[in-house]
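Structural features, examined
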Amino acid sequence: MVPQWVIEKKRDGQALPADDIRAFMDGYTRGTIPDYQMAALAMAIYFRGMTFDEVATLTDVMMRSGDLVDTSRVPLPKVDKHSTGGIGDKVSLVLAPLIACCDVAVPMISGRGLGITGGTLDKLESIPGYRTNLSADNFVDVLARCGCAIIGQTATLAPADKKLYALRDVTGTVPSIPLISASIMSKKLAEGTDALVLDVKWGQGAFMKSLDQARELARTMVEIGARMGKGMTALLTDMNQPLGRTAGNALEIVETVAALQGHGPDDLVTLTLETGAHMLRLTGREPDHARALARLRGVLDSGAAFERFLSMVTLQGGDPRVLEDVTRLPSASLRRDVSAPRSGYVAGVDAERIGRACVVLGAGRVKVEDLVDHAVGISGLVKIGEHVTKGQPLFTLHANAENRLAEALALAREAVTFADSAPTPPTLIVDVIHPAGGR
Ligand code: URA
């Protein structure tokens, strides 16, 4: 295989034979193919796209570039979920312990926030002591003991993706459906799960700005997983307004605890239960969606999922006392309420602006190596369709520096728009996508 010939083929719009993809990616992972050739191929893929067979081969070779987690000593069906990322999305934190209470194991390998989207690992790391960097063995130990474990990508899990993702990040090649599909699915397929539910977000605060793009991404990933023998379902969900009422790491842990104690915001709870019901169906634990929903509601209300979350956090080195008394979580030194400039109905809460304000406050990162401030963010967010009177708080900014507070304020106050009559709230779950061949 001559690397430049492979690049030329893709540049000219041809489909690459599986052997070319395998040899090229092997060479890149081992370092015999340099970054500049990989970047050129990624850009050619960005412009020319890939056939489904090409994406499936790319996923397979990236998945096999490192170790596959062996979860076989946990004698339960295994299911995970993955969100393509958004603002205020803490569903994984509520869902993993909830599903673990239903005799199903949840081996979850999550990511950090990048750009305006938050990351599950950053949220968990606002709990003092919580370790996201367990070895694969310790990860499976935690899974065996409490039914769920949430860690970050280890050095040996899909290393080809780790290397390629960093390169895409600095070469303008992130927003490509074949590359995103292979990146997400290579990691998820390596973590030892039998089934996977994807939450593919669309809208201002998501990677995919249009519903059509989100649908294509969802379909591609569902079919790749199905081809590899996994039970697959994808939900297409709204990310035009933030999920829940908080954005920012420790603030989202506070909202997670509220949800696990039975008083979470409606959209967060609905999306968690709906996603969970699909997970239970895929594992065969509940054949019927309505019964799965009722079972999950009962578990949430019983407090068992909160107890399970405490166990997981403790097993991963975290201090559970901050969850029993959330005032012990990191908190910011400055707080500023932003009040409604007029009375009316909330017509929009621009998730992208809220996400940018969080990055300015320090809750998110611009570069992969940036440190995040766990205490800062936004709480008490109004939701589309709610009525507010002039002077009523729309949200509260939490900051640790006056200059950041001022900059975030300028961004976030423009996020909320108003109407005189009640608008139709966005549809939270727009569609549910199953593999073409069923399951
Ligand atoms: N998340 C990933 O893991 N990979 C991508 O390419 C995009 C989002």
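Only a predicted model underlies this, so the values are computations on that prediction, with no experimental measurement involved.

Digging into helix α8 (residues 159–169)
Among all positions of α8, only Ala-160, Asp-161, Leu-164, Leu-167 and Arg-168 are buried. Down the axis of α8, the buried set is contained in an arc of 130 degrees. They therefore lie on one face. Lining the buried residues of α8 we find α2 (18–30), α3 (35–48), α4 (52–63) and α9 (177–190).

A short note on the domain arrangement of the chain
The accessible area lost on association of the parts is a frequent measure of interface size. Taken domain by domain, the chain holds domain 1 (3–49), domain 2 (79–155 + 165–324 + 429–433) and domain 3 (333–419). A C-alpha centroid distance of 31 Å is found between domain 1 and domain 2. Interface area for domain 1 against domain 2, summed over the two sides, is near 650 Å², with a carbon-plus-sulfur share of 82%. Per-residue buried area on domain 1 facing domain 2 is highest for Ala-42, Ile-45 and Tyr-46; these three make up 55% of the total on that side.

Let's talk about the sheet that holds strand β6 (residues 334–339)
Taking strand neighbours across the sheet as the criterion, the three strands line up as β6-β10-β8 in an open arrangement whose pairing is antiparallel. The sheet is open, and its two edges are formed by β6 and β8 (377–379), each paired on a single side. Taking the axes of each pair of neighbouring strands and ignoring which way they run, one obtains an average angle of 25 degrees across the sheet. Of the pairings in the sheet, the one linking β6 to strand β10 (residues 393–399) comprises six bridges and is antiparallel in character. For Val-338, the partnering residue across the bridge sits in β10 and is Phe-395. Packing of helix α16 (residues 351–361) onto the sheet brings it into contact with β8 and β10, and relative to β8 it is tilted by some 130 degrees.

A short note on the site of the ligand
Near the ligand, the surroundings consist of Tyr-165, Arg-168, Ile-180, Ser-183, Ile-184, Lys-187 and Phe-207. Interatomic distance of 2.9 Å between a side-chain N/O atom of Arg-168 and an oxygen atom of the ligand. At 2.5 Å from an oxygen atom of the ligand is found a side-chain nitrogen or oxygen belonging to Lys-187. Notes on the ligand: free accessible area 240 Å², of which the protein chains cover 88%. Most atoms of the ligand, that is more than half of them, are within 2 Å of grid points of the largest pocket. If you list the elements that add at least two residues to the shell around the ligand, you get α8 and α9. Considering each element in turn, the shell around the ligand owes the most residues, four residues, to α9.

The rules we used
- Residues numbered from 1 in each chain as written.
- Predicted model: local features only at pLDDT ≥ 70, side-chain atom pairs only at ≥ 80, totals over all residues.
- Heavy atoms only, no water.
- Buried < 20%, exposed > 50% of the residue type's maximum accessible area, 1.4 Å probe, protein only.
- Helix = DSSP H or I, 4+ residues; strand = E, 2+ residues; numbered from the N terminus.
- Arc of directions from axis to C-beta.
- Contact = heavy atoms within 4.5 Å.
- Domains from an automatic or database assignment.
- Buried area = accessible area lost by both parts, 1.4 Å probe.
- Pairing = 2+ DSSP bridges.
- Axes fitted to C-alpha atoms, helices over the stretch in contact; angles between N-to-C directions.
- Near = heavy atom within 4 Å.
- Polar contact = N/O pair within 3.5 Å; in protein donor to acceptor, adjacent residues only side chain to side chain.
- Areas by Shrake-Rupley, 256 points an atom, 1.4 Å probe, with all protein chains shown as cover.
- 1 Å grid on protein atoms, 1.4 Å probe; cavity = no way out; pocket = protein on both sides within 12 Å on 5 of 7 lines; lining within 4 Å.
- Sits in = over half its atoms within 2 Å of the grid points.

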